[in-house]
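Residues per chain, in single letters:
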Amino acid sequence: MESTILKLIALLGGLTITALFIYGVTIIDNSPPDEFNEVNWADTKKKAEQSTIDYFKNKKNMDVEIKVVSSSGEYAKREVYVEGHLIGNKQKKISSIVDTKTYKVKSVKGDINETNYHLLLNTSYTFEEIKAAIDEIINKAKERIRN
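Residues numbered from 1 in each chain as written. Predicted model: local features only at pLDDT ≥ 70, side-chain atom pairs only at ≥ 80, totals over all residues. Heavy atoms only, no water.

1. A closer look at unusual backbone geometry
- In this model, Asn 61 sits at a positive phi of 55°, which is unusual for a non-glycine residue.
- Tracing the chain through its elements places Asn 61 in the loop between helix 2 (41-59) and strand 1 (64-71).
- Backbone geometry at Tyr 103 places phi at a positive 55°, although glycine is not the residue there.
- With respect to the helices and strands, the residue Tyr 103 is situated in the loop between strand 3 (89-99) and strand 4 (104-110).
- The exposure class assigned to Tyr 103 is buried, which follows from its relative accessible area of 18%. (Helix = DSSP H or I, 4+ residues; strand = E, 2+ residues; numbered from the N terminus. Buried < 20%, exposed > 50% of the residue type's maximum accessible area, 1.4 Å probe, protein only.)

2. Some thoughts on the pattern of salt bridges
- This structure, assessed with the given rule, holds six salt bridges.
- Two residues, Asp 43 and Lys 47, come together in a salt bridge whose shortest N-O distance is 3.4 Å. Of this pair, Asp 43 and Lys 47 both sit in helix 2, four residues apart, which is roughly one turn of the helix.
- A relative accessible area of 39% places Asp 43 in the partly exposed class.
- One salt bridge in this structure joins Lys 140 and Glu 136, with 3.3 Å as the shortest N-O distance. Taken together, the positions of Lys 140 and Glu 136, both in helix 4 (residues 127-146) and four residues apart, correspond to about one turn of that helix.
- Exposure remark for Glu 136: the relative accessible area of 44% places this residue in the partly exposed category. (Salt bridge = Lys/Arg side-chain N within 4 Å of Asp/Glu carboxyl O.)

3. Some details on the sheet that holds strand 1
- Strand order in the open sheet formed by four strands is 1-2-3-4, and the pairing between neighbours is antiparallel. The open sheet terminates on both sides in strands that have one partner only, identified here as strand 1 and strand 4. Across the sheet, the mean angle from the axis of one strand to that of its neighbour is 25°, orientation sign disregarded.
- Inspection of the sheet shows strand 2 (residues 79-86) paired to strand 3 by eight bridges, in the antiparallel sense. The residue of strand 3 that forms the bridge with His 85 is Lys 93.
- Across the sheet, helix 2 is in contact with strand 1, strand 2, strand 3 and strand 4; its angle to strand 1 comes to roughly 140°. (Pairing = 2+ DSSP bridges. Axes fitted to C-alpha atoms, helices over the stretch in contact; angles between N-to-C directions. Contact = heavy atoms within 4.5 Å.)

Shown next, in the form of structure tokens:
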């Protein structure tokens, strides 16, 4: 009887040690990737911000100002979320998702397009010139539809 109790205690002790070991490995394994730790986070934010600025400048021909850079907290995705607006117009918001493995922009959102961006920035146009430009765009679109 005594040997059975000792065997049971030894088995429970072994299981407890194994469970604690697995728990410890899990905690260590779930630590954030290097780009999200305290030491590297400032550099990660700067790279994500610059990637977004370069993307909008080179792909969309737009100048943007970044206001917020954040992570989702889901480190398995390795994504950084960037938010800002067009320079000169805080109402025209933009956002992007940047992959922290490559620092490439994965996706963008915004309530802007290249035509209205350039009209918004160039304040030297008169109302009549802007109206004429819009009328020309509409007429070209109608012509394309007819053909």
